[in-house]
Each structure stands twice: as structure tokens, then as C-alpha cells.
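# What the coordinates show
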Amino acid sequence: AIATAPSQDSKDETAGRAMTNKLLQEQSDVFLKQAQSKDRSERSMAIYNLGVAGQIDDPNVDEALRKALQDEDAMIRAQAVASIAQRGGESVAANLQEALKDKDANVRLTAVNNIKDDETLLQLASGDSDKSVSNTAQKKLDALAARRDR
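Here we summarise the structure given alongside this text. (Residues numbered from 1 in each chain as written. Predicted model: local features only at pLDDT ≥ 70, side-chain atom pairs only at ≥ 80, totals over all residues. Heavy atoms only, no water.)

## Topic: the overall build of the chain
What the chain contains, in helices and strands, is eight helices and zero strands. Here the C-alpha atoms of the chain give a radius of gyration of 20 Å, more than 25% beyond the 15 Å that 2.2 N^0.38 yields for 150 residues. Within the chain, buried positions represent 37% of all 150 residues. Partitioning the intrachain contacts of the chain with sequence separation of at least 6 by distance along the chain shows that 51% fall at a separation of at least 24. When the accessible surface of the chain is totalled, it reaches about 9,500 Å², and 50% of it is carbon and sulfur. The average position of the 21 basic charges and that of the 25 acidic charges among the side chains of the chain differ by 3 Å. (Helix = DSSP H or I, 4+ residues; strand = E, 2+ residues; numbered from the N terminus. Rg over C-alpha atoms; globule rule 2.2 N^0.38 Å. Buried < 20%, exposed > 50% of the residue type's maximum accessible area, 1.4 Å probe, protein only. Contact = heavy atoms within 4.5 Å. Areas by Shrake-Rupley, 256 points an atom, 1.4 Å probe, with all protein chains shown as cover. Lys, Arg positive; Asp, Glu negative; His and termini not counted. Charge placed at Lys NZ, Arg CZ, Asp CG, Glu CD.)

Right, dumping it as C-alpha cells:
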């Protein structure tokens, strides 16, 4: 076999990927900083952006989103639930379950709206004291049952 040097296209592609990763990390770092803001709107937008564009393999992003689940502001907690669900991953179900225990009904409703097909979590939510949460969970359970019965 004849060894060949990497082509210029291959080198350019590698350099382009490295630059893209660097820019994405810089963007994530900005969002992480904004997630610490005292300003509620800036914090909420940062949590949203981390869910949509945060570096997938950055544990700092995951930690910031988990921390936002404990924020004093219910709007921030609800945004954190949506962002965590958007990112996906192994801890989504555990985070949604935690959100179903939140004192604010909108946070719990956001959690239910982000449950895909986890019957256990939907069953838990179907017993919620808030009718909008329990009704939404029940509708999702009914839809799951209807799909299963086809």
C-alpha cells in the first residue's frame, strides 16, 4: 500500500471543523456567563440558548441547566425544563420527574409537555392538584394508549 499525504481539502476541512468547534464553545461560554445574570430576562434567554445551542458535550452546560431548575424564578425553572428536554440525554427523565414536584404549576405543565412517552411520569403527573397539569398528562396517556392499541 502506498501512503499518501492528506489532501489540502482534508486539511481545510479539519481546520474548518476546529474553527467551528472553537466558535461554538465561545458561544456556549457567553451563554453560561449570561445564565448567572441578576437580570431575569437575560438569564431566561441564556437558559433557552443553552438548550438550543449549548455545546452537547460540555458538562458546564448541563450543570447550568440543572442549577436553573432550582432558580427562585418559576419562569427560569420552566425554561430550564424545556432546555433540558431539548438537549436530550440520559438525565432527562430524572430532571422531568424533579420538575413534576415543583411548587409552580407552570413548571409542572412544562415538564408534562416535554414528556414524550414515559408512562410512569405521565401517571405521576395525571394526579397533579392543578387541573391543567393533570388533564394534559391524561390526554398524553390516552394518546399513548390509542397508539398502542392500533
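## Concerning the pattern of salt bridges
Two side chains carrying opposite charge are able to pair once their charged atoms lie near each other. Going through the model one piece at a time under the given rule, you end up with nine salt bridges. Between arginine 43 and aspartate 71 there is a salt bridge, with its nearest N and O atoms 3.0 Å apart. In this pair, arginine 43 sits in helix α2 (residues 40-53) while aspartate 71 sits in the loop between α3 (59-68) and α4 (74-87), placing the two residues 28 residues apart along the sequence. When sorted by exposure, arginine 43 lands in the same class as aspartate 71, which is buried. Its salt-bridge partner being aspartate 62, residue arginine 87 comes within 3.1 Å of it at the nearest N-O pair. Taken together, the positions of arginine 87 in helix α4 and aspartate 62 in helix α3 put the pair 25 residues apart, joining distant regions of the chain. Residue classification places arginine 87 among the buried positions, given a relative accessible area of 14%. (Salt bridge = Lys/Arg side-chain N within 4 Å of Asp/Glu carboxyl O.)

## So, the nonpolar core
What tends to happen in soluble globular proteins is that the nonpolar side chains get buried as a cluster. Counting 32 residues, the largest nonpolar core has Ile47, Leu50, Val81, Leu96, Leu100, Val112 and Leu122 as its most contacted members. Elements represented by at least two residues in this core include exactly α1 (8-34), α2, α3, α4, α5 (92-99), α6 (105-113), α7 (119-126) and α8 (131-149). Considering each element in turn, this core owes the most residues, five residues, to α4. (Core = buried A, V, L, I, M, F, W, Y, C linked by side-chain atoms within 4.5 Å.)

## Re the packing of α7 against α8
Interhelical geometry of α7 versus α8 gives an angle of 145 degrees and a closest axis separation of 7 Å. Regarding α7 and α8, the two cross each other, and that crossing is left-handed. When α7 is examined against α8, the residues Glu119, Leu122, Gln123, Ala125 and Ser126 are found in contact with a partner set consisting of Val133, Ser134, Ala137, Gln138, Lys140, Leu141, Leu144 and Arg148. Of the residues that constitute the contact of α7 with α8, the class distribution is six nonpolar, four polar and three charged. (Axes fitted to C-alpha atoms, helices over the stretch in contact; angles between N-to-C directions. Left-handed = near helix turned anticlockwise from the far one by under 90°. Nonpolar A, V, L, I, M, F, W, Y, C, P; charged D, E, K, R; others polar.)

## Digging into the environment of glutamine 97
Turning to its location among the elements, glutamine 97 is positioned in helix α5. On a C-alpha basis, the gap between glutamine 97 and asparagine 114 in space is 11 Å, while along the polypeptide they are 17 residues apart. Every residue in contact with glutamine 97, bar those within four places of it in the chain, is listed here: Leu121 and Leu124.

Function-wise, these values are silent; they only describe arrangement.
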